[in-house]
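Here are the chains, one letter per residue:
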Amino acid sequence: VADPASVSVLEEAVATRRWWASQWTEGNAYVAGLVAQDVQDALLEGAGRWPLCEVCDDDADPHALYIHPELGGPSPHWVCERSGRTVAPLGALPPR
């Protein structure tokens, strides 16, 4: 989804969280996961669910991955919304 609109969404999320982290430096461990959630939420409105799960066998019903733990933390990772299975650490999804 790296089209110009998606890149703008990412840039906005990073700018917002950069400000947020400057206000609460103890929250720096949460920033990466929160940026991922911000981008995911913004893309849902315009581009649909992202990223889609590619580990489940059911291609007929596409479903998304979500960041866990929900509020980020030092080790955020992508989890299948349907199966609950951990798919990859944040930043390590395999290319489509």
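The structure this text deals with has already been given above.
This text gives an overview of the structure that appears in the document. Fair warning: this is a prediction, and the values are worked out from it, not measured in the lab.

### A closer look at the packing of aromatic side chains
Step number 1: Per the stated rule, a full pass over the model turns up three aromatic pairs.
Step number 2: On the numbers, 5.8 Å between centres and 25° between planes, the contact of tryptophan 24 with tyrosine 30 is stacked.
Step number 3: Connected via pairs of aromatic rings, a cluster forms that spans Trp20, Trp24 and Tyr30.
Step number 4: The lysine or arginine in question, arginine 17, covers the ring of tryptophan 20, its NZ or CZ lying 5.4 Å from the ring centre.

### Section: the nonpolar core
Step number 1: Grouped together as the largest cluster of nonpolar side chains are seven residues: Ala36, Cys53, Cys56, Leu65, Ile67, Trp78 and Cys80.
Step number 2: Elements with a contribution of two residues or more to this core: β1 (65-68) and β2 (77-80).
Step number 3: Those residues within four positions of isoleucine 67 in sequence are excluded, and the remaining contacts are Gly33, Ala36, Gln37, Gln40, Pro76, His77, Trp78 and Leu90.
Step number 4: Within the second largest apolar cluster, six residues are counted, among which are Ala21, Val31, Val35 and Val39.

### Details of the environment of serine 22
Step number 1: Positionally, serine 22 belongs in helix α1 (residues 4-23).
Step number 2: Note on serine 22: relative accessible area 47%, which makes it partly exposed.
Step number 3: Within the local environment of serine 22, its side chain forms a polar contact with the side chain of glutamine 23, the two groups lying 3.3 Å apart.

### Focus on the layout of surface pockets
Step number 1: Quantified by volume, the largest pocket comes out at close to 300 Å³.
Step number 2: Around the largest pocket, the lining comprises 15 residues; the ones closest to its centre are Pro51, Leu52, Glu54, Leu93 and Arg96.
Step number 3: For the lining of the largest pocket, the class distribution of residues is eleven nonpolar, one polar and three charged.
Step number 4: Surrounding the second largest pocket, twelve residues form its lining, Ser6, Leu10, Val39, Leu43 and Trp50 being those nearest its centre.
Step number 5: If you list the elements that add at least two residues to the lining of the second largest pocket, you get α1 and α2 (31-46).
Step number 6: Counting residues per element, the lining of the second largest pocket draws most heavily on α2, which supplies five residues.
Step number 7: Among the residues making up the lining of the second largest pocket, the classes are represented as eleven nonpolar, one polar and no charged.

Conventions and cut-offs
- Residues numbered from 1 in each chain as written.
- Predicted model: local features only at pLDDT ≥ 70, side-chain atom pairs only at ≥ 80, totals over all residues.
- Heavy atoms only, no water.
- Phe/Tyr/Trp six-rings, centres within 6.5 Å; stacked < 30°, edge-to-face > 60°.
- Lys NZ or Arg CZ within 6 Å of the ring centre and 35° of its normal.
- Core = buried A, V, L, I, M, F, W, Y, C linked by side-chain atoms within 4.5 Å.
- Buried < 20%, exposed > 50% of the residue type's maximum accessible area, 1.4 Å probe, protein only.
- Helix = DSSP H or I, 4+ residues; strand = E, 2+ residues; numbered from the N terminus.
- Contact = heavy atoms within 4.5 Å.
- Polar contact = N/O pair within 3.5 Å; in protein donor to acceptor, adjacent residues only side chain to side chain.
- 1 Å grid on protein atoms, 1.4 Å probe; cavity = no way out; pocket = protein on both sides within 12 Å on 5 of 7 lines; lining within 4 Å.
- Points joined across faces, edges and corners; volume = space filled by probe spheres on them.
- Nonpolar A, V, L, I, M, F, W, Y, C, P; charged D, E, K, R; others polar.

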